[in-house]
Amino acid sequence: MKDDFKLPEDCTDMGEVRIGVDTTDRELMELLDRRFGYMRAAARIKTDRNVVRDEGRKAEVIENARADAENRALPADELARMWDDLVETSIAYEMEEWDRIRA
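Attention in this report is confined to the structure presented alongside it.

Cut-offs applied
Residues numbered from 1 in each chain as written. Predicted model: local features only at pLDDT ≥ 70, side-chain atom pairs only at ≥ 80, totals over all residues. Heavy atoms only, no water. Helix = DSSP H or I, 4+ residues; strand = E, 2+ residues; numbered from the N terminus. Rg over C-alpha atoms; globule rule 2.2 N^0.38 Å. Buried < 20%, exposed > 50% of the residue type's maximum accessible area, 1.4 Å probe, protein only. Contact = heavy atoms within 4.5 Å. Polar contact = N/O pair within 3.5 Å; in protein donor to acceptor, adjacent residues only side chain to side chain. Salt bridge = Lys/Arg side-chain N within 4 Å of Asp/Glu carboxyl O. Axes fitted to C-alpha atoms, helices over the stretch in contact; angles between N-to-C directions. Parallel < 35°, antiparallel > 145°, perpendicular 65-115°, else oblique. Left-handed = near helix turned anticlockwise from the far one by under 90°. Nonpolar A, V, L, I, M, F, W, Y, C, P; charged D, E, K, R; others polar.

### Overview of the overall build of the chain
In step 1: Within the chain, the regular secondary structure consists of three helices and zero strands.
In step 2: Ordered by position from N to C terminus, the α and β elements of the chain give α-α-α.
In step 3: In terms of overall size, the chain is more extended than a compact globule, its C-alpha atoms giving a radius of gyration of 17 Å where 103 residues would be expected to give roughly 13 Å.
In step 4: Along the first, second and third principal axes, the C-alpha set of the chain runs to 55 × 30 × 15 Å.
In step 5: For the chain, with 103 residues in total, the buried portion stands at 23%.
In step 6: Counting contacts in the chain only where the partners sit at least 6 residues apart, residues at least 24 apart contribute 64% of the total.

Here you go:
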């Protein structure tokens, strides 16, 4: 896959758009890999499995994403729902890691 890409405002055809989308998707996956690395770190650091789920922190993360989306004029409610899924998936992953580390 081609690694050079144009920014959205510089695209002049759908081939360039698709290259940009594919490149961005790979970058997003790299960021998700790093985010889940933090979940592995949290699982290693937390000594009590009962503190893996923190509803206050979850609400804060989702609200931060919603506010950031609003500031960028993006669909904030839809992105907040995506972040809810991301956080729930992260919590489940962290719990699995917590159990794996202590097995």
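Now, onward.
### Here we look at the environment of Leu32
In step 1: Position of Leu32 relative to the elements: it lies in helix H1 (residues 14-45).
In step 2: The exposure class of Leu32 is partly exposed, given its relative accessible area of 30%.

### Notes on the side chain of Ser90
In step 1: Note on placement: Ser90 falls in helix H3 (residues 76-101).
In step 2: With relative accessibility at 2%, the residue Ser90 sits in the buried group.
In step 3: In this structure the side chain of Ser90 is engaged in a polar contact, spanning 2.8 Å, whose partner is the backbone oxygen of Leu86.
In step 4: Every residue in contact with Ser90, bar those within four places of it in the chain, is listed here: Arg35, Phe36 and Met39.

### Considerations on the pattern of salt bridges
In step 1: The final tally for this structure, using the stated rule, is 12 salt bridges.
In step 2: For Lys6, the salt bridge goes to Glu16, with nearest N and O atoms at 2.7 Å. In this pair, Lys6 sits in the segment before H1 while Glu16 sits in helix H1, placing the two residues 10 residues apart along the sequence.
In step 3: Classification of Lys6 as partly exposed rests on a relative accessible area of 38%.
In step 4: The salt bridge partner of Asp84 is Lys58, with a shortest N-O separation of 3.2 Å. Of this pair, Asp84 sits in helix H3 while Lys58 sits in helix H2 (residues 55-71), and the two are 26 residues apart along the sequence.
In step 5: Put simply, Arg53, Glu55, Lys58, Asp84 and Glu88 are held in one network by salt bridges that share partners.

### Digging into the packing of H1 against H3
In step 1: It is at 8 Å that the axes of H1 and H3 come closest, and there the two elements cross at 45°. When the interaxial angle is binned, H1 and H3 end up oblique. Classified by chirality, the crossing of H3 by H1 is right-handed. Here Leu32, Arg35, Phe36, Met39, Arg40, Ala42, Ala43 and Arg44 of H1 lie close against H3, whose contacting residues are Leu86, Val87, Thr89, Ser90, Tyr93, Glu94, Glu97, Trp98 and Ile101.
In step 2: Per-class residue counts for the contact of H1 with H3 are 10 nonpolar, two polar and five charged.

By themselves, these are just geometric observations and shouldn't be taken as functional.
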